[in-house]
Amino acid sequence: MEFQKQPFIPAVFAGDINTYSVARAFYEAYKVKSYVFGKFPTGPSYKSKITEFTANPDMDKPEVLLPTLTEFARKHKRKKILAIGCGDSYVATLSQIKDQLPENVIAPYIDFALMDSLQQKERFYQLCDKHGIDHPATVIFRKGMDPNMELPFKYPIILKPSNGIAYWEHPFDTQEKVYTIKNKEELAKVSSDIFEAGYEDSLILQDMIPGNDEFMRVLTCYSNRRGHVKMMCLGHVLLEEHTPHGKGNHAVIITEPRSDLYDKVKALLEDLDYVGFSNFDIKYDRRDGKYKFFEINTRQGRSNYYVTGSGINIAKLLVDEYVRDEHLEFITPKHEHLWLMVPKGVARKYIYEEENLAKLNKLLKQKKYVNPVFLKGDNGLNRMLRMWKNHFRQYKNFKEYYS
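Note that the structure is a prediction, hence the values are computed from the model and not measured.

Conventions used here
By convention here, each chain's residues receive numbers from 1 onward along its written sequence. Thresholds applied to this predicted model are a pLDDT of at least 70 for local features of residues and 80 or more for the giving and counting of side-chain atom pairs; totals over whole chains, interfaces and linings are not thresholded and use all residues. Neither water nor hydrogens contribute to the side-chain values; these are computed over all heavy atoms in the structure. To form a nonpolar core, buried Ala, Val, Leu, Ile, Met, Phe, Trp, Tyr and Cys residues must be joined to one another through side-chain atoms within 4.5 Å. The buried label goes to any residue with under 20% of its type's maximum accessible area, the exposed label to any with over 50%, and the partly exposed label to all in between, with areas taken from a 1.4 Å probe on protein chains only. Strands are runs of DSSP state E lasting at least two residues, helices are runs of H or I lasting at least four, and both sets are numbered from the N terminus onward. Here, residues are in contact when the closest pair of their heavy atoms is within 4.5 Å. The term salt bridge refers to a side-chain nitrogen of Lys or Arg lying within 4 Å of a carboxyl oxygen of Asp or Glu. A pair of cysteine sulfur atoms is labelled a disulfide when the two atoms are within 2.5 Å. Strand pairing follows a simple DSSP-based rule, namely that at least 2 bridges must link the two strands. To obtain each axis, a line is fitted to C-alpha atoms, and for helices this fit is confined to the stretch in contact; angles are then taken between N-to-C directions over 0 to 180 degrees. For a crossing to be left-handed, the near helix must be turned anticlockwise from the far one by less than a right angle; the clockwise case is right-handed. In this classification, the charged set is Asp, Glu, Lys and Arg, the nonpolar set is Ala, Val, Leu, Ile, Met, Phe, Trp, Tyr, Cys and Pro, and all remaining amino acids, among them Gly, are polar. Note on patches: the residues involved have over 30% relative accessible area and no salt bridge, like charges join within 9 Å, and the nonpolar side chains Val, Leu, Ile, Met, Phe, Trp and Tyr join within 5 Å. Here the Shrake-Rupley method, with its probe set to 1.4 Å, supplies the accessible areas, and only the displayed protein chains count as covering residues. Note that His is not counted, nor are the chain ends; the positive residues are Lys and Arg, and the negative ones are Asp and Glu. We define a polar contact as two N or O atoms separated by no more than 3.5 Å, with the added condition that, inside protein, one atom must be a possible hydrogen donor and the other a possible acceptor, whereas residues neighbouring each other in sequence contribute only through side-chain atom pairs. Ring geometry is summarised as follows: Phe, Tyr and Trp rings, the Trp one being its six-membered ring, pair when their centres sit within 6.5 Å, and such pairs are stacked at plane angles under 30 degrees, edge-to-face over 60 and tilted between the two. Each ring is checked for a lysine NZ or an arginine CZ that lies within 6 Å of its centre and within 35 degrees of its normal; such an atom marks a charge sitting over the ring.

Caption draft 1: How the structure looks around the nonpolar core. Ranked by internal contacts, the top residues of the largest apolar core, which has 93 residues, are Phe 13, Phe 26, Leu 69 and Phe 280. A total of seven residues in this core trace back to one element, the largest contributor, which is helix α10 (residues 314-323). Other than its neighbours up to four places away in sequence, Phe 13 contacts Thr 19, Phe 37, Met 59, Leu 65, Leu 69, Ala 83, Ile 84, Gly 85, Cys 86, Gly 87, Tyr 90 and Leu 94. Core analysis: the second largest hydrophobic core is formed by 18 residues, Val 139, Phe 141, Tyr 167 and Ile 181 among them.

In structure tokens form, the structure reads like this:
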């Protein structure tokens, strides 16, 4: 791998595909190595040639992250340190401590009070209503409420935590990212399991929008430090993961060069004076022809390389603004591009719509596709064995969990 000296260093926090996608964007744009700080020595960034990995099981806690980042900045005091969170807990911590960081550290995040409110799905739906953004019919369910209550929509329904960070801090054996609830009895059982594990916040009960993964969309935005939206990139999700802990994680995305969803989202973000990356999960509802928004992530999503692969390098947005102090023009992708985290055989087998399958095969044939974990040259034996093992495990995962 070739490296060049730059006046900045990316310090990337977490340990999954999100961190590697960010590190790869920085390497491809600037030939720079990223320093990744995560909980455990695993994932695609571990033993990568384009990263240096530091593990600490408490890395996302302020009492660990703050001194770690402060010491790192002290060792590299002649350079700007771009601190980038790649998980909700890391982003929340960076927001909490940003005013305590050394002068050479750049943490491009909104204040914690706003971030914390946005990470509550309940608050997000209130903002959607204010700005005319469609979302699924929703009921807020709190501890002590009657699971036999009448709902304004029919079973099956969707259940998910309003506060994702707090939810994963209270693990239990049957824990899932999102639940499909078939009846009142199942609602009683699942909600009881969640609350008994120690989760105290509210749950979201929602009308289940019909349609498989191919009705999903993902929208990634970037807002400059003045709160102006400067990048929007819409992706058509064709396939998601279906394992209990990975349910809803994107597996196949085709970038869609369209803008009909942009205006209302842009207005919402600019009304909040939002800063940094944001990411929205959306589903098309064929019953009324509307796109329904599920949630906002106050960071780039784990599938963020679909943006970089489309020609908009997310690292360049940060460097141009915070390192080079350049004015950013509004950009959005102009061409379709394929991002996938599963073998081509899995994608071809589990994508059913003929039009979508035709697009997939066309982009594969034209070689306009990328799997972000497989970067040419980053082929150390330990890492590649783990990456190929995880890659081909998807055949088993989809056979077992896809329905």
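Resuming the write-up.
Caption draft 2: Just the pattern of salt bridges, in detail. Counted under the stated rule, the structure contains 31 salt bridges. Measuring nitrogen to oxygen at the nearest pair gives 2.7 Å for the salt bridge that ties Asp 207 to Arg 287. Placement of the pair is Asp 207 in strand β9 (residues 203-207) and Arg 287 in the loop between β13 (276-285) and β14 (290-297), with a sequence separation of 80 residues. Note that Lys 359 is salt-bridged to Glu 336, the shortest N-O span being 3.4 Å. Of the two residues, Lys 359 sits in helix α12 (residues 354-365) while Glu 336 sits in the loop between α10 and β15 (338-340), which places them 23 residues apart along the sequence.

Caption draft 3: Focus on the state of the cysteines. Counted under the stated rule, the structure contains zero disulfides. Summary of cysteine pairing: Cys 86 is not part of a disulfide, and the nearest cysteine sulfur, belonging to Cys 233, is at 17 Å. We classify Cys 86 as buried; its relative accessible area is 3%. Cys 128 takes part in no disulfide bond, and the closest cysteine sulfur to it belongs to Cys 221, at a distance of 12 Å. On the basis of relative accessible area, Cys 128 is assigned to the buried category, the value being 0%.

Caption draft 4: The arrangement of α10 in detail. Counting buried positions along α10 yields nine of ten residues, so the element is predominantly enclosed. Along α10, the residues that are buried comprise Ile 314, Ala 315, Leu 317, Leu 318, Val 319, Asp 320, Glu 321, Tyr 322 and Val 323. Just downstream of α10, Asp 325 is the residue with a positive phi angle, here 55°.

Caption draft 5: Geometry of the sheet that holds β15. Strands sit in the order β14-β13-β10-β11-β12-β15-β16 across an open sheet of seven strands; the sheet is mixed. Only two strands of the sheet have a single partner each, and these edge strands are β14 and β16 (369-370).

Caption draft 6: Focus on the packing of helix α5 (residues 121-131) against helix α8 (residues 262-271). As a packed pair, α5 and α8 sit with axes 10 Å apart at the nearest point and diverge in direction by 115°. Handedness of the crossing formed by α5 with α8: right-handed. Across the interface between the two elements, Leu 127, Cys 128, Lys 130 and His 131 from α5 touch Lys 264, Ala 267, Leu 268 and Asp 271 from α8. Counted by class, the contact of α5 with α8 contains four nonpolar, one polar and three charged residues.

Caption draft 7: Spatial organisation of a nonpolar patch on the surface. Together, Trp 388, Phe 392 and Tyr 395 make up an exposed nonpolar region whose accessible area comes to about 330 Å². Relative to the helices and strands, Tyr 395 resides in helix α13 (residues 381-401). Judged by its relative accessible area of 41%, Tyr 395 falls in the partly exposed class.

Caption draft 8: Expanded view of the side chain of Lys 160. With respect to the helices and strands, the residue Lys 160 is situated in strand β7 (residues 157-161). One buried charge, Lys 160, has no salt-bridge partner; the nearest side chain with opposite charge is Glu 295, at 5.5 Å. A polar contact of 3.1 Å, which involves the side chain of Lys 160, links it to the side chain of Gln 206. Sequence-distant contacts of Lys 160, defined by excluding residues within four places in its chain, comprise Lys 121, Tyr 125, Lys 177, Val 178, Leu 203, Ile 204, Gln 206 and Phe 294.

Caption draft 9: Looking closely at the packing of aromatic side chains. Counted under the stated rule, the structure contains 24 aromatic pairs. Centre to centre, the rings of Tyr 167 and Trp 168 are 5.1 Å apart; their planes meet at 70°, and the pair counts as edge-to-face. The buried category is assigned to Tyr 167, whose relative accessible area is 1%. Judged by its relative accessible area of 35%, Trp 168 falls in the partly exposed class. Aromatic pair Tyr 284 and Tyr 291: ring centres 5.0 Å apart, planes at 55°, arrangement tilted. The class for Tyr 291 is buried, based on a relative accessible area of 15%. What links up through ring pairs into an aromatic cluster is the set Tyr 167, Trp 168, Phe 172, Phe 195 and Tyr 199. The ring of Phe 3 has Lys 33 lying over it, and the distance from NZ or CZ to the ring centre is 5.1 Å.

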